[in-house]
Amino acid sequence: MQSIKQLTLALIAGLGFAANTFAAPITFTLTAPDSRQGVLTSEYAQQYNYTIGGVNLNVTGWSYGSVTTCTSYSGVNCTSTSTTDAGSTTAHQDFVGNFGTSYGVGVEIANTPNHAIDSQSGDFDMLLFTFSEAVSLNSVDLGWILDGNLNRSDVSILAGTSNTFSSPLNKTWQSLVGNGWQSAGNYNNLGSNSASVNSGNISSKYWLIGAYNSAVGTPIANNDSDYEAFKLQAISVSKVPESSALALFCIGFLGLIAVRRRNS
């Protein structure tokens, strides 16, 4: 007959198994959305929507400099736009472009450089990922990179620090840190393969992934001077285990211990 100590060890192991089960990775292929809002062309929309593994995801684009926004809608379609020069120091929402599985998604209608997520002339672009529940970001998969050059694939990532959304609108990326956001790391020369990120295992409903900005988080040591320009194909996330589910697991296991003690 198992001792209480043995059952306790089994409970700890079981909790670890349960957490791993709940945290099975989910990959969002960004070039295959379920729907779009503010649709402008076959490539461009103000928002892309995805649902995988019971998790909903909305993706929007944010940029410095000149930004184009939708000013009126007919259903999900954008019927008119306006372009504003917001200056090169603060962020505004911009269109997201989807350029297929061989390339990925980018920010801005401007074709220089190639509709990419970029930092040309200090015009930093980022994609905002809004999930229906908190997730831990596991990896990012870049598609197209300007000239196929690793030096163009440096990435900055920010994670929201609460369930209350702190909008990037009219703010610099660095001013977000400590104001509803935290740095989840800067990553050097990721290339066009899936790359692990978020070594701190941060979980959040809100994530910003974009062109490397040395003013966000800890700067990359000995970073090259090239500006970044890439598109994003996919991301992988894990659900965060719900405390209620783990609590029920504990209660059930403790009940088993009680029954064994009563029958001993």
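Because the structure is a prediction, the values reported are computed rather than measured. (Residues numbered from 1 in each chain as written. Predicted model: local features only at pLDDT ≥ 70, side-chain atom pairs only at ≥ 80, totals over all residues. Heavy atoms only, no water.)

Caption draft 1: Spatial organisation of the overall build of the protein chain. Secondary structure assignment for the protein chain yields three helices and 16 strands. Counted over contacts in the protein chain with a minimum sequence separation of 6, partners at least 24 positions apart contribute 74%. (Helix = DSSP H or I, 4+ residues; strand = E, 2+ residues; numbered from the N terminus. Contact = heavy atoms within 4.5 Å.)

Caption draft 2: Region of the structure containing the packing of aromatic side chains. Throughout the structure, instances matching the rule amount to seven aromatic pairs. Arranged with centres 5.8 Å apart and planes meeting at 70°, the rings of Phe28 and Phe131 form a pair that is edge-to-face. Within this pair, whereas Phe28 is found in strand β1 (residues 25-29), its partner Phe131 is found in strand β11 (residues 125-145), the two being separated by 103 residues in sequence. A single burial state applies to Phe28 and to Phe131, both of which are buried. Aromatic side chains Tyr44 and Phe99 sit 5.8 Å apart centroid to centroid with 85° between the ring planes, which places their arrangement in the edge-to-face category. Taken together, the residues Tyr44 in strand β3 (residues 44-52) and Phe99 in the loop between β8 (96-98) and β9 (105-107) connect sequence positions 55 residues apart. (Phe/Tyr/Trp six-rings, centres within 6.5 Å; stacked < 30°, edge-to-face > 60°. Buried < 20%, exposed > 50% of the residue type's maximum accessible area, 1.4 Å probe, protein only.)

Caption draft 3: Quick peek at the nonpolar core. Of all hydrophobic cores here, the largest spans 37 residues; its most connected members are Phe28, Phe129, Phe131, Trp207, Leu232 and Ile235. Per-element accounting of this core gives the leading share, eight residues, to β11. When sequence neighbours within four positions are dropped, the list of residues in contact with Leu232 reads Leu30, Gly104, Val105, Ile117, Leu127, Phe129, Val140, Asp141, Leu142, Gly143 and Ile209. Among the nonpolar cores identified, the runner-up in size contains 13 residues, and Ala91, Phe124, Tyr206 and Val216 belong to it. (Core = buried A, V, L, I, M, F, W, Y, C linked by side-chain atoms within 4.5 Å.)

Caption draft 4: A look at the state of the cysteines. Tallying each qualifying case throughout the model produces one disulfide. Two residues share a disulfide in this structure: Cys70 and Cys78, whose sulfurs sit 2.2 Å from each other. Taking the torsion about the sulfur-sulfur bond, which here is approximately 120°, the covalent link between Cys70 and Cys78 counts as right-handed. Taken individually, Cys70 and Cys78 each receive the classification buried, so the pair is uniform in this respect. (Disulfide = S-S within 2.5 Å.)

Caption draft 5: Region of the structure containing the layout of surface pockets. As a volume, the largest pocket reaches approximately 150 Å³. Gly65, Ser66, Thr68, Thr83, Asp94, Glu108, Ile109, Ala110, Thr112, Asp118, Gln120 and Asp123 are the residues that line the largest pocket. Of the residues belonging to the lining of the largest pocket, the class tally is two nonpolar, six polar and four charged. (1 Å grid on protein atoms, 1.4 Å probe; cavity = no way out; pocket = protein on both sides within 12 Å on 5 of 7 lines; lining within 4 Å. Points joined across faces, edges and corners; volume = space filled by probe spheres on them. Nonpolar A, V, L, I, M, F, W, Y, C, P; charged D, E, K, R; others polar.)

Caption draft 6: Structural view of the environment of Phe129. By the secondary structure assignment, Phe129 is in strand β11. The spacing of Phe129 and Trp207 is 78 residues in sequence and 5.0 Å in space, taken between C-alpha atoms.

Caption draft 7: Broad picture of unusual backbone geometry. The backbone phi angle of Glu108 is positive, close to 85°, even though this residue is not glycine. Of note in this structure, His115 is not a glycine but carries a positive phi near 55°. For His115, the position within the fold is in the loop between β9 and β10 (117-118).

Caption draft 8: Main features of the environment of Leu127. Mapped onto the secondary structure, Leu127 falls in strand β11. Leu127 gets classed as buried once you look at its relative accessible area, which sits at 0%. Those residues in contact with Leu127 that sit more than four places away from it in its chain are Val59, Thr60, Gly61, Val96, Val105, Val107, Ile117, Trp207, Leu208, Ile209 and Leu232.

Caption draft 9: Molecular detail of the side chain of Ser238. The topology assignment puts Ser238 in strand β16 (residues 229-239). Judged by its relative accessible area of 9%, Ser238 is buried. A distance of 2.8 Å separates a polar atom in the side chain of Ser238 from a polar atom in the side chain of Asn138. (Polar contact = N/O pair within 3.5 Å; in protein donor to acceptor, adjacent residues only side chain to side chain.)

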